[in-house]
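Listed here are the chains, written in short residue letters.
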Amino acid sequence: MKIHLKIWRQKNSETPGKMVDYTLDEISPEISFLEMLDILNEDLLKKGEEPVAFDHDCREGICGMCSLYINGRSHGTEQGITACQLHLRSFKEDDTIYVEPWRAQPFPVIKDLIVDRSAFDRIIQAGGYISVNTGSAPDANAIPISREVAKEAFEAADCIGCGACVAACKNASAMLFVAAKVSHLALLPQGQVEKQSRVEKMVAQMDKEGFGACTNTGACSYECPKNISLSHIARLNREYLTAKLASKHLS
Ligand code: SF4
Ligand code: FES
C-alpha cells in the first residue's frame, strides 16, 4: 500500500518544530506502525537525512513508551491499544497520517516525537510505593482479599504510565494516571501504611508539575490503552478528601 505521512520534526526543545511530508510506496499493510517508522528511517538514513526520533521499548503494549499522537488521537484511532500495537491495515490506501508527539506543557518535546515524561516519575517518587517489609512470598491465603477488590486493584495496576490520558485531555490533566496509582495501593492491605500521605504527596507533585485540573470530560479514560476507568478518579477524590480531613483533625 501507499501512505503519506505528515510527521512533527523538531530538533530540540529550544527550536520550533514543523510538520514534514513523507511518502512510503509499496509498504505491507501487515506491518506495525513502529515498523513503518523503522522503514521510513532506513530510507532517510540511505538518503543521508536525519531519522525521525520516536520512543519505544517493548513494542507489545507493556512499557508505555510509544507516546505517539496519530491523526489527532492518543495512540491512534483504535481503542484499547498502544501505538506499537497499531498496524497499517487500520489505514486505507493513499491515506495521509498525521504523527505528532504528546502535546502538554509538563511533557516538553525532547526531539521530534519524543517527549520528556519524567514528571510522571517524580509523581511516583512522591508516593507511589509501599515501605512495609513484605518478606518472602506469603501463603496465598495469608491476607484474604475479596475477588472484587483484587480485580479492581489489578485493573488500576494495568496503567503503564504512557501519558495518553494527559495528551487526550483538553486541560492536560494527569488525574487518571495518579488515580490509577493511588487506587491500586489504596485498595490493598499492603498500601494502607502510607495511604494518607501518599495521596497528599502525589496530588501535590501533580500540581507542582503543572498538570491541569480534571473537568470530567472522560477523554482520558476513552483514550487510555488500558481502559482505566473514571471510577478511579472518584476514589482518588475520596482518598484525598479523607486524607485532608484527617490531617486537619490531627493539626
Ligand atoms: S491511565 Fe491509561 S492513558 Fe494514563 S498513563 Fe495510565 S495507561 Fe496511560
Ligand atoms: S513500545 Fe512499549 S507500550 Fe508501546
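Given the structure is predicted, the values throughout are model-derived calculations rather than measurements.

The rules we used
Residues numbered from 1 in each chain as written. Chains lettered and ligands numbered in written order. Predicted model: local features only at pLDDT ≥ 70, side-chain atom pairs only at ≥ 80, totals over all residues. Heavy atoms only, no water. Near = heavy atom within 4 Å. 1 Å grid on protein atoms, 1.4 Å probe; cavity = no way out; pocket = protein on both sides within 12 Å on 5 of 7 lines; lining within 4 Å. Sits in = over half its atoms within 2 Å of the grid points. Helix = DSSP H or I, 4+ residues; strand = E, 2+ residues; numbered from the N terminus. Nonpolar A, V, L, I, M, F, W, Y, C, P; charged D, E, K, R; others polar. Domains from an automatic or database assignment. Contact = heavy atoms within 4.5 Å. Buried area = accessible area lost by both parts, 1.4 Å probe. Salt bridge = Lys/Arg side-chain N within 4 Å of Asp/Glu carboxyl O. Polar contact = N/O pair within 3.5 Å; in protein donor to acceptor, adjacent residues only side chain to side chain.

Examining the site of ligand 1
- Taken together, 13 residues sit near ligand 1, with C159, C162, G163, C165 and C224 positioned nearest.
- The site holding ligand 1 turns out to be the second largest cavity.
- Residue assignment for the shell around ligand 1 shows that the elements contributing at least two residues are helix 4 (164–168) and helix 5 (175–187).
- When grouped by side-chain class, the residues that make up the shell around ligand 1 number 11 nonpolar, two polar and no charged.

A closer look at the domain arrangement of the protein
- Under the domain assignment used here, the protein contains domain 1 (3–111) and domain 2 (118–250).
- If you average the C-alpha positions of domain 1 and of domain 2, the two centres end up 29 Å apart.
- Facing 18 residues of domain 1, the contacting portion of domain 2 comprises 20 residues.
- Of the roughly 1400 Å² buried where domain 1 meets domain 2, counting both sides, 53% is carbon and sulfur surface.
- Run the count over domain 1 and domain 2 and you get one salt bridge.
- Put simply, domain 1 and domain 2 have five residue pairs in polar contact (both at pLDDT 80 or more) between them.
- The class makeup of the residues in the side of domain 1 that touches domain 2 is eight nonpolar, nine polar and one charged.

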